Structure formats: C-alpha cells, structure tokens
Amino acid sequence: MTATAAPRVRFPRATLSRYGEAPTKLLVEIGQLIWFALRRYRREVLRMVAQMGMGTGAMAVVGGTAAIVGFITLSAGSLVAIQGYATLGNIGVEAFTGFLAALVNVRFVAPVAAGQALAATVGAGATAELGAMRISEEIDALEVMSIRSVAFLASTRVVAGLVVIIPLYGLAITMAFLSQQVTTVLLYGQSIGTYNHYFHTFLRLDDVAWSFAEVLLVAVVVMTTHCYYGYTASGGPVGVGEAVGRSMRLSLITIVVVVVLTAMAVYGKNPNFNLTV
C-alpha cells in the first residue's frame, strides 16, 4: 500500500513589479475615496470643515483651531527671533535677522508648528470621535445600512483637513512673520528699515508656494494617521485613549520626517538664496 502524496502547496510568487505598483494603487484608492466623499457626502464634508475650522462647544468660544494655530506659530516665530538675534549678534551680524525670518519660518518652523497644531486639535479629536463610534458599534451600524463607513467617516475628514489647512496655514505663516518682526524691532530695537530690507530681499514666492504644498502633504499624513487609529480602535474607552496617544506620537514623528524629506528634495542641492544680493 503506497502512501498518498501530500498536496503541493502553491505560494504566490513575490515579484518586484507587484511591490513597485503598491504605492500607485494606494494613491489611486485614496483618490477614489476622496472623490467619492466629495460627490456623495458634500454636506458631511461641509460640516467637518466648519467643525475643524472654528470648533464646537467650548472650542468655539476661543476661536477653535484657528486661534490655537495662531498662538502656536506666534510663540514659535518669537522664539526664532530671540534665538536668531542672539546667535547672529555673537558674530556681529544681527542685521540678518530679517533674512533668518524669511528663510527659517517658511521652510521649517511654520509647517512644523501648523502640523503639530493640526494633529493636537483636529487629528486627536478625529481619533477620539471615530474610536468612540467604533466601540459603540456605530460604524457597524453604518455598514449594516450599506453606507461605506471609510468614505463617509475617514475620507470626509481627510478632505475637510485639506480644505481647512489652507486658510489656517495662511494665518499661521502671517503670525510667524508678524511676531518675529515685532520681537526684533520693538524688543531688540533694530531699525525697521534694516529688518524689512533683508526680509523682503530673501523672501521668495516659490518658497512660500513650496511651503503650502508641504503643509498640504503634512495634513494628508496627519489626518490619515488619526483616522486610521480611530477607525481601528478597540478595547473600550481605554483602547480609544491608547489609540489617541499612539496616533499623536506617530503624527509628531511623521510631521518632522515629511518636513525634512521635503526640504531635502526641494532645497537639497540648491538653497535658492544668495547673500551677495
């Protein structure tokens, strides 16, 4: 009696082309979800935009996310002015504080500060809200009613984050410029003509455009991260709190990584400024 041969197990072959197409497929799926949310859930997107921009309840009293972003970038710009003026003063070139404001705020400080404010307010709120819906089985109820929960809950928040971040970042970068000018001119007594000369000389419009593109990428990463952690939360209220903490840690890391990689890609070989102007 001969033993029957064991059935041969066939494993899918991993090819480089399969993994190479994965990022493209992911971007296509994200684009399809965003387009579906804009086409089918316009009212929900508008509600999310209003909620993220001005807040609800107690947040609306202080101005919502707009006020928080403004105060964070205000303090960050003042810190850049204080440290920059003191550092440049050590080598006798404190007149270049305006140049430092035009360079550092646009390329590094304002995008990081705006991203952190977005993660701490809108992102953490989205994680908590989606997590509460998950543990209370509200998301399962949407699935039972044949509503695409990812498009209705996650995609609408990502789209709203992209819409809200544009005026918020405009406010953020304006407050950063204003705070640094006030600190340098009023507190340190530098001539406003000297400050404005170097500031306007080295402030480039293409840098501002790249800065807005950079913060849009940061908003996508932040909102996607927080929506994912909230959507997949489990373990009751404790699990929701842990999801908020994990999403915040990952967001703070990815914000800096995105800003650094974008700066290396855009300004890695050519910093686009000339001190002999």
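Because the structure is predicted, anything quoted here is derived from the model rather than measured.

Each value, and the rule that gives it
- Residues numbered from 1 in each chain as written.
- Predicted model: local features only at pLDDT ≥ 70, side-chain atom pairs only at ≥ 80, totals over all residues.
- Heavy atoms only, no water.
- Patch = residues over 30% accessible without salt bridge, like charges linked within 9 Å, V, L, I, M, F, W, Y side chains within 5 Å.
- Areas by Shrake-Rupley, 256 points an atom, 1.4 Å probe, with all protein chains shown as cover.
- Salt bridge = Lys/Arg side-chain N within 4 Å of Asp/Glu carboxyl O.
- Helix = DSSP H or I, 4+ residues; strand = E, 2+ residues; numbered from the N terminus.
- Buried < 20%, exposed > 50% of the residue type's maximum accessible area, 1.4 Å probe, protein only.
- Axes fitted to C-alpha atoms, helices over the stretch in contact; angles between N-to-C directions.
- Left-handed = near helix turned anticlockwise from the far one by under 90°.
- Contact = heavy atoms within 4.5 Å.
- Nonpolar A, V, L, I, M, F, W, Y, C, P; charged D, E, K, R; others polar.
- pLDDT = per-residue confidence, 0-100.
- Lys, Arg positive; Asp, Glu negative; His and termini not counted.
- Charge placed at Lys NZ, Arg CZ, Asp CG, Glu CD.

*Asks:* So what about a nonpolar patch on the surface? Which residues, and what values?
*Replies:* A cluster of nonpolar side chains, namely Ile82, Leu178, Val182, Leu186, Leu187 and Tyr188, defines an oily patch on the protein surface of about 570 Å² accessible area. The element contributing the most residues to the nonpolar patch is helix α8 (residues 149–187), with four residues. Tracing the backbone through its elements, the reader meets Leu178 in helix α8. For Leu178, a relative accessible area of 44% corresponds to the partly exposed category.

*Asks:* Account for the packing of α8 against helix α10 (residues 205–231), with residues named and values stated.
*Replies:* One way to put it is that α8 packs onto α10 with a least axis distance of 9 Å and a crossing angle of 145 degrees. In the crossing of α8 with α10, the sense of the turn from one axis to the other is right-handed. The segment α8 lies against α10, with Ser149, Val150, Ala154, Arg157, Val158, Gly161, Leu162, Ile165, Ile166, Tyr169, Gly170 and Ile173 engaging Ser211, Phe212, Val215, Leu216, Ala219, Val220, Met223, Thr224, Cys227 and Tyr231. A per-class count over the contact of α8 with α10 returns 16 nonpolar, five polar and one charged.

*Asks:* Provide a residue-level description of the confidence of the model for the protein, including the pertinent values.
*Replies:* For the protein, mean pLDDT is 80; residues scoring 70 or higher make up 80% of the total. Looking across the protein, the model is least confident in helix α4 (residues 58–61), with a mean pLDDT of 48, and most confident in α10, with 90.

*Asks:* Can you explain a positive patch on the surface? Please cite residues and give values.
*Replies:* Together, Arg39, Arg40, Arg42 and Arg148 give the surface a local cluster of positive charge. Summarising the element assignment, Arg42 is placed in helix α3 (residues 42–54).

*Asks:* Summarise the side chain of Gln180; cite the residues concerned and give the values.
*Replies:* Following the sequence through the fold, Gln180 ends up in helix α8. Residue Gln180 is classed as buried on the basis of its relative accessible area, which comes to 0%.

*Asks:* Lay out unusual backbone geometry with the relevant residues and their values.
*Replies:* Comment: phi is negative for the bulk of residues other than glycine, and the bulk of peptide bonds are trans. One non-glycine residue, Glu137, lies in the positive phi region at around 65 degrees. One can find Glu137 in the loop between α6 (97–135) and α7 (138–144). One non-glycine residue, Ser146, lies in positive phi territory at about 65 degrees. Within the fold, Ser146 resides in the loop between α7 and α8. For Ser146, a relative accessible area of 65% corresponds to the exposed category.

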